[in-house]
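# Summary of the model geometry
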Amino acid sequence: GQQVMQIPQYQHVQEGEDFTTYCNSSTTLSNIQWYKQRPGGHPVFLIQLVKSGEVKKQKRLTFQFGEAKKNSSLHITATQTTDVGTYFCASLIQGAQKLVFGQGTRLTINP
Amino acid sequence: EAGVTQSPTHLIKTRGQQATLRCSPISGHTSVYWYQQALGLGLQFLLWYDEGEERNRGNFPPRFSGRQFPNYSSELNVNALELEDSALYLCASSLTVNTEAFFGQGTRLTVV
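In every chain, residue numbers begin from 1 and rise along the written sequence. Chain A is the first chain written and ligand 1 is the first ligand written, with later ones labelled in order. In view of the model being predicted, local features appear only for residues whose pLDDT reaches at least 70, and side-chain atom pairs are presented and counted only at 80 or more, with totals across whole chains, interfaces and linings using the full set of residues. Only heavy atoms go into the side-chain values, all of them from the structure, while hydrogens and water stay out.

This part is about the layout of surface pockets. The calculated volume of the largest pocket comes to roughly 600 Å³. Points on a 1 Å grid, built from protein atoms alone, make a cavity when a 1.4 Å probe fits but cannot get out and make a pocket when they are open with protein on both sides within 12 Å along at least 5 of 7 lines; residues with an atom within 4 Å of a point are the lining residues. As for the largest pocket, its lining consists of 31 residues, of which A:Gln37, A:Arg106, B:Gln37, B:Gly40 and B:Leu41 are closest to the centre. Sorting the residues of the lining of the largest pocket by element identifies strand E9 (85-92) and strand E11 (105-110) of chain A together with strand E4 (31-37) of chain B as the ones contributing at least two each. What counts as a helix is a DSSP run of H or I of at least four residues, what counts as a strand is a run of E of at least two, and both are numbered from the N terminus. Per-element accounting of the lining of the largest pocket gives the leading share, 4 residues, to E11(A). Grid points are joined across faces, edges and corners, and a volume is the space filled by probe spheres set on the points.

In structure tokens:
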């Protein structure tokens, strides 16, 4: 079954509003990766977090890894139309030997 | 440097036929992953190859199979195609199991 749960499934915002997607697991994650897939495109790697409590920023994007390494979040400040797409978290589940993706959050933006 | 390349980009097959999808990883990458993405849905893990061996497979029936060649390129074979096999099949490669995955453009398989 799905080992990495991602919410929400869909999010529609007005341009300029903030956006957050969450990724949760019942098991400890060795790392967390975030990908973005534009409509009609393929997933593109954004960032990887490895350390407990780690926070990384990329311009308007803030990525967090939970203290227990069981959850993560991606926050976008002041969304722009170029942020449209589906955001996936992914992780190598300890002991599972596979890169598992969350279900993704599809972000749409009203200009 | 060339990225991950997949062929063909589109494939139309009849129910019951076999499909073969190909993937060439980034040079130097030994790990190749295959994922199925049905329309509007997430990425479902299919297979993982590393150093020529199958390391893990997802919850798919045995008619989904594949292999990795000595040059680390990979093939995904789907036998006895069913209508619900219609999806985008994505291949990704990574340098090691703990580094980021680079995706190809995918093969859009349509079963009619």
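Further remarks concern the pairing of strand E5 (residues 44-50) of chain B. Residue and element names in this part refer to chain B. Residue burial is assigned from relative accessible area. The probe radius is 1.4 Å, only protein chains are included, and a residue is buried under 20% of its type maximum, exposed over 50%, and partly exposed in between. Summarising burial for E5: 6 of the 7 residues are buried, a large majority. Think of it this way: DSSP has to see at least two bridges between two strands before they count as a pair. Relative to E5, E4 runs antiparallel, the two sharing 6 bridges. Note on E5: the bridge partner recorded for Val32 is Tyr49. Where E5 meets strand E6 (residues 53-57), 4 bridges bridge the pair, whose relative direction is antiparallel.

Moving on to the packing of aromatic side chains. The relation between two aromatic rings is expressed through the spacing of the ring centres and the mutual angle of the planes. Stacked, edge-to-face and tilted labels apply to pairs of Phe, Tyr and Trp rings (six-membered ring for Trp) whose centres lie within 6.5 Å, assigned for plane angles under 30 degrees, over 60, and everything in between, in that order. Under the counting rule described, the total for this entry stands at 12 aromatic pairs over all chains. For the ring pair A:Tyr35 and B:Phe103, a centre distance of 5.8 Å and an interplane angle of 90° mean the geometry is edge-to-face. Here the residue A:Tyr35 occupies a position in strand E4 (residues 32-37), and B:Phe103 occupies one in strand E10 (residues 102-103), the pair thus bridging two chains. The same class applies to A:Tyr35 as to B:Phe103, namely buried. Arranged with centres 5.5 Å apart and planes meeting at 20°, the rings of B:Tyr33 and B:Trp48 form a pair that is stacked. Taken as a pair, B:Tyr33 in strand E4 and B:Trp48 in strand E5 lie far apart in primary sequence, 15 residues in all. Here B:Tyr33 falls in the buried class, since its relative accessible area comes to 1%. Among the aromatic residues, those joined into a ring-pair cluster are A:Tyr35, A:Phe45, A:Phe88, A:Phe101, B:Tyr33, B:Tyr35, B:Phe45, B:Trp48 and B:Phe103.

Residues and elements named next belong to chain B. Salt-bridge detection follows one rule: a side-chain nitrogen of Lys or Arg within 4 Å of a carboxyl oxygen of Asp or Glu. One pass over the structure, following the stated rule, counts 8 salt bridges over all chains. Between Asp50 and Arg55 there is a salt bridge, with the nearest N and O atoms lying 3.8 Å from each other. Judged by its relative accessible area of 16%, Asp50 falls in the buried class. With a relative accessible area of 38%, Arg55 lands in the partly exposed category. Ionic pairing is found between Arg63 and Glu82, a salt bridge with its closest N-O pair at 3.3 Å. Pair noted here: Arg63 is in the loop between E6 and strand E7 (64-68) and Glu82 is in the loop between strand E8 (74-78) and strand E9 (87-94), with a separation of 19 residues, a long-range link. Residue Arg63 is classed as buried on the basis of its relative accessible area, which comes to 16%. For Glu82, a relative accessible area of 29% puts it in the partly exposed group.

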